[in-house]
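Structural overview for review
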Amino acid sequence: MKITYLVNQEQPDGSVCLCVATHDEWRAVVDANKLLPTEHRRRFIVDVIVEGSNWDCMIMEVSDSEYQEWNKYYLSSRRNRKAAKGIQFLSMDAPIPDRSGLRNFLDSIKSADQVEELACDLALMDQLRKALSAWKPWGPELLDAYLNDEKRNCTDILALKFNVSAQVIRKYKRQFEEFVKKFLEGVSF
């Protein structure tokens, strides 16, 4: 790796421009900086240029505003590199296990429309569950049974749980279905 130092040097005509300096000359400027107040210090940035296997590092003197801009970008990049250490990148075609077999990440990503629809569905289910809880104590139990596709199998279980006959549970189911229909009719999308 080749390191080039560029420092502002006053020219014979009185102008100041960037000139190539040795490591010792640059080190002298840096050491002198330590004795100066912050607002009078000279600022340097590092620029690394990679060409194949060759790395060129340039340390150059810049104005305070250029230094502030570079430092903001440098600190942001450093934070991102540090955060990226805990991230693993996978192909969108990488297989992932699913209940129905294997599928890929691309198939599992929901479109924006699906995400909005899912959020609305979850909000609606939450409202329905609250309304059922306020209506009857067995309302949420029947909702869970219907959602788990256990409409037919839940009769005996709920009869035992609520200490009523299977006939009463069938009556509860009819009331439940009517309540849900009325609830959904009252919901505007």
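Refer to the structure presented above.
In this report, the structure presented in the accompanying data block is examined. These numbers were taken from a predicted model, which means no experiment stands behind them.

**Examining the overall build of the protein**
When its secondary structure is counted, the protein shows 7 helices and 6 strands. In the protein, the order of α-helices and β-strands from amino to carboxyl end is β-β-α-β-β-α-β-β-α-α-α-α-α. Its C-alpha atoms give the protein a radius of gyration of 35 Å, clearly above 16 Å, the size a compact globule of 189 residues would have. When its C-alpha atoms are laid out on the principal axes, the protein stretches across 105 × 40 × 30 Å. Residue pairs at least 24 apart in sequence account for 33% of intrachain contacts in the protein once pairs closer than 6 positions are excluded. Here the protein displays about 14500 Å² of accessible surface, and carbon together with sulfur accounts for 54% of that area. Positive and negative side-chain charges in the protein, numbering 27 and 29 respectively, have mean positions lying 12 Å apart.

**A look at helix H1 (residues 23–33)**
Every buried residue of H1 is listed here: Trp-26, Val-29, Val-30 and Asn-33. Down the axis of H1, the buried side of the element spans an arc of 95°, and every buried residue falls inside it.

**Side note on the pattern of salt bridges**
Per the counting criterion, the structure on display carries 9 salt bridges. Linking Asp-64 and Arg-43 is a salt bridge whose minimum nitrogen-to-oxygen distance equals 3.1 Å. Separated by 21 residues along the polypeptide, Asp-64 in helix H2 (residues 64–84) and Arg-43 in strand E3 (residues 43–51) bring together distant segments of the chain. Of the residues examined, Arg-43 reaches a relative accessible area of 19% and is grouped as buried. Here Glu-141 and Lys-161 are joined by a salt bridge, their closest N and O atoms 2.7 Å apart. On the criterion of sequence distance, the pair formed by Glu-141 in helix H5 (residues 139–147) and Lys-161 in helix H6 (residues 154–162) is long-range, its members being 20 residues apart. On the accessibility criterion, Glu-141 (28% relative accessible area) is partly exposed. Shared partners join several salt bridges into a network, and the residues in it are Arg-27, Asp-31 and Lys-34.

What counts and what doesn't
Residues numbered from 1 in each chain as written. Predicted model: local features only at pLDDT ≥ 70, side-chain atom pairs only at ≥ 80, totals over all residues. Heavy atoms only, no water. Helix = DSSP H or I, 4+ residues; strand = E, 2+ residues; numbered from the N terminus. Rg over C-alpha atoms; globule rule 2.2 N^0.38 Å. Contact = heavy atoms within 4.5 Å. Areas by Shrake-Rupley, 256 points an atom, 1.4 Å probe, with all protein chains shown as cover. Lys, Arg positive; Asp, Glu negative; His and termini not counted. Charge placed at Lys NZ, Arg CZ, Asp CG, Glu CD. Buried < 20%, exposed > 50% of the residue type's maximum accessible area, 1.4 Å probe, protein only. Arc of directions from axis to C-beta. Salt bridge = Lys/Arg side-chain N within 4 Å of Asp/Glu carboxyl O.

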